[in-house]
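# Understanding the architecture of this molecule
Residue strings, one per chain:
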Number of protein chains: 2
Amino acid sequence: MLKVVIIGSGNVAQHLAKAIDTTGQAMLVQLYARDPEKLTDLPGEKITSSLEKLANADVYIISVTDDAIAEVSSQLPFEGKLVVHTSGSVALDQLDGKNRRGVFYPLQTFSKNKAIDFSKVPLCLESEFENDYALLRTLADALSKTVYSIDSKQRQALHVAAVFVSNFSNHMYALGNAICQENNIPFNILNPLITETADKVSTLSPIQAQTGPAIRHDQKTIERHLDLLKDDNQRNIYKILTQSIQDNG
Amino acid sequence: MLKVVIIGSGNVAQHLAKAIDTTGQAMLVQLYARDPEKLTDLPGEKITSSLEKLANADVYIISVTDDAIAEVSSQLPFEGKLVVHTSGSVALDQLDGKNRRGVFYPLQTFSKNKAIDFSKVPLCLESEFENDYALLRTLADALSKTVYSIDSKQRQALHVAAVFVSNFSNHMYALGNAICQENNIPFNILNPLITETADKVSTLSPIQAQTGPAIRHDQKTIERHLDLLKDDNQRNIYKILTQSIQDNG
C-alpha cells in the first residue's frame, strides 16, 4: 500500500485526498493545512498544521498555489524523499533539489462544490529519476484510466492550451450568460448547445466542428450581431474572434 | 398526423427531416432540395427539386441559408399556409406576408457527420397567429422535451449568445489544438477538461465556475504563458480574454 502525504488544502488537494483513499492501492496518511479549520470533510487525526510533524510516506504531494511551491518544498524538514507538485505551469526544477523531484499534474478543472470522477482525470507525470516514475505511475494508474508522461516544457504548453479550452471557454459562457440576462432569456436554454459543442470535439477536430456566421463568412449576420451588442468589450471580443476564426478556418 | 414539408437540404434540414418521421405524431411528406443528389439518406420519392411541385402540408419549414429565406418564401406558389423558418438570426417578418408566418428555431449545433438526439434540442417558437402557435407547439413537443416561446427580438439576442457559447468556445478548442500540435501533445488529453468545463455551467453560474490564472490574478503564470505564445493572434486573444475575465469576475 502506497503511503501518501498531501501538503495543501485547496480544491485539487481536497479532491485528491478523497480520491486516494478510494483506490485500495494507496492511502492518505496525512494532509498538511495551514488553516485546518477549513477542512471539514477529512478525519481530524489525519490533518496537521505543522510541517515539522509530517508523517513518513512514499510520496509527498505539494498542492499549493504556484508561487508557494518552491518555498514550501524548501521548508520540508527531510531530504532524499519523493516530493512532487500538482501544477500545470511550474517546472520540476522549481522544487528544492534536496529531495527526489517529480510532477503529478491532474489536467482537470476542480471546483469546491462539484464532485469529480478521478478515473476520468488525465494525469500527467514527470520525475527526476526513473524509479520514481514507476512509483508515480502506480499511484496514477490506481486513480485514473488515462496517464501520460509529459515533460516540463510540454506541460507548460499544455497548461496554456488548457487555459484556452477551459478558462476562456468558460468566459464565453459568462459573456453568453450576460447577453441572456440583458434580454430576459434563461441561460439554461443554452446548456444542450454548450455540452454538444464540447462533445463534438471528441470525434471531430475543432476546425471540422466549427459552425456559425464567422466560418460561413455571413457578413450580414455578423453586422446584425455587432449592432445588437452595446457593450464595448463584448463587441471587441466578437470582432477579434470572428476574424481569428476566418483566418484559421 | 401533422404533415410537414421541409424546404432545404443543409445540416438542420436533414437532421430535422430524419427526426420528424420518428415522432409518430408528424410525418415528412416532402423535402425540397435544389441539388437532390446530395441527399442519400432520404427516400427518393419524398424529394423534389421543383417549388411548383410542393405537396400539401400543415406546415412548411424553410431551412436554407439566412440570406435566402426571404427570397425562397416569396417564391412559394401558394398563399395563406403556415410557413416557418429555422433561423436564429432572421426576424419573422422577413418571411413573405402572403403566407401565415412563424419561426421554428432549433437551438443546437448540427454537423454533417454527428447524430443528434432531437429530444434534447431546445426548440424556440414564434408565430404570427395564435392558432398557428398551437400547431407549432404540437410539432415541437413531439420532437423535443424543451420548447420555448421566444420572440424575434429575444431570438436575435439568443443567437448572439449562442455564437459566444458555441462558435467562440469551439474556436478556443481550435486554438488549444494548435498549441498542442506545436508541442507534440495529443489534443484528446484535453477532452475530459473540455466536457467538465461545459458540464459545470449546468449547475454553477459561469462566474462561479471560472478558474485559472486570470481570475486568480496570477500575474507570474500569465506572463509565463504570454512568453510561451509565439503567435501574435494567440497572444492578443490571451491578453484580451484575461482582461475581460478580470473585469467581469
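Just so it is clear, the model here is predicted, and its values are computed rather than measured.

The next thing to look at is the overall build of chain A. Tallying secondary structure elements over chain A gives eight helices and eight strands in all. Looking at chain A as a whole, 47% of its 249 residues are labelled buried. Residue pairs in contact within chain A that sit at least 24 positions apart in sequence constitute 52% of those at least 6 positions apart.

Right, let's talk about the sheet that holds strand S7 (residues 123-127) of chain B for a bit. Pairing between the strands of a sheet comes from backbone hydrogen bonds, and it takes one of two forms, parallel or antiparallel. Residue and element names in this part refer to chain B. One open sheet accounts for eight strands, arranged S3-S2-S1-S4-S5-S6-S7-S8; its pairing is mixed. Pairing within the sheet leaves two strands with one partner each, and these edge strands are strand S3 (47-48) and strand S8 (147-149). Of the strands in this sheet, strand S1 (2-7), strand S2 (26-32), strand S4 (59-62) and strand S6 (100-106) are in contact with helix H1 (residues 11-20), which crosses S2 at around 145 degrees. Along the sheet, helix H4 (residues 152-182) makes contact with S6 and S7, crossing S7 at roughly 150 degrees.

A few words on the interface of chain A and chain B. Facing the 78 residues of chain A at the interface are 78 residues of chain B. No other element matches helix H4 (residues 152-182) of chain A, which puts 24 residues into the side of chain A that touches chain B. Looking at side-chain class alone, the side of chain A that touches chain B contains 39 nonpolar, 28 polar and eleven charged residues.

All names here are of chain A. Summarising the element assignment, Leu16 is placed in helix H1 (residues 11-20). For Leu16 and His217, which are 201 residues apart along the polypeptide, the C-alpha to C-alpha distance reads 46 Å. The contacts of Leu16, once residues within four sequence positions are left out, are Ile6, Ile61 and Ser63.

This brings us to the relation of the copies chain A and chain B. The operation relating chain A to chain B is a screw motion whose rotation component is 180 degrees, with 0.0 Å of axial translation and a residual RMSD of 0.1 Å. The two molecules are tied by a two-fold rotation axis, judged by turn and shift. Residue A:Ser169, judged by its C-alpha, is the member of chain A lying nearest the rotation axis, at 2.4 Å. Looking at the interface residues of chain A, 100% of them are also at the interface in chain B, so both copies use one shared face.

The subject of this paragraph is the pairing of strand S5 (residues 82-85) of chain A. Residue and element names in this part refer to chain A. Side chains Leu82 and Val84 project from S5 onto one buried face, and the interleaved Val83 and His85 project onto a second face that is buried too. For strand S4 (residues 59-62) and S5, the ladder comprises three bridges, and the chain directions are parallel. Of the residues in S5, the one forming a bridge with Ile61 is Val84. Note that the unit made of S4, helix H2 (residues 69-75) and S5 has a crossover that is right-handed. Summarising the sheet, S5 and strand S6 (residues 100-106) pair through four bridges and their orientation is parallel. By the bridge assignment for S6, His85 is matched with Val103.

The subject of this paragraph is the nonpolar core. Judged by nonpolar contacts, the single largest core of 144 residues is most densely connected at A:Ile6, A:Ile61, A:Ala161, B:Ile6, B:Ile61 and B:Ala161. When neighbours within four sequence positions are excluded, A:Ile61 is seen to be in contact with A:Val4, A:Ile6, A:Ile7, A:Leu16, A:Val84, A:Thr86 and A:Phe104.

So, how was this worked out
- Residue positions are given per chain, counting from 1 as you read along its sequence in written order.
- To read the labels, note that chains go from A and ligands from 1, taken in the order they are written.
- Local features in this predicted model are restricted to residues whose pLDDT is 70 or higher, and side-chain atom pairs enter the listing and the counts only when it is 80 or higher, whereas totals over whole chains, interfaces and linings include all residues.
- Think of it this way: any DSSP run of H or I at least four residues long counts as a helix, any run of E at least two long counts as a strand, and we number them from the N terminus.
- Partly exposed residues are those falling between the two cut-offs: more than 12 but fewer than 20 other C-beta atoms within 10 Å of their own, whereas 20 or more means buried and 12 or fewer means exposed, with C-beta atoms placed from the backbone.
- Two residues form a contact once the distance between their C-beta atoms, set from the backbone, is within 7 Å.
- Pairing between two strands is assigned when DSSP locates at least 2 bridges connecting them.
- To obtain each axis, a line is fitted to C-alpha atoms, and for helices this fit is confined to the stretch in contact; angles are then taken between N-to-C directions over 0 to 180 degrees.
- Put simply, Ala, Val, Leu, Ile, Met, Phe, Trp, Tyr, Cys and Pro go in the nonpolar bin, Asp, Glu, Lys and Arg in the charged bin, and everything else, Gly too, in the polar bin.
- The superposition of copies rests on a least-squares fit of C-alpha positions from residues with pLDDT of 70 or more in both.
- Here a crossover is taken to be right-handed if, once the strands point away from the viewer, the path from the first strand over the helix to the second is traced clockwise.
- Nonpolar core, as used here: buried Ala, Val, Leu, Ile, Met, Phe, Trp, Tyr and Cys residues forming one set through C-beta atoms within 7 Å.

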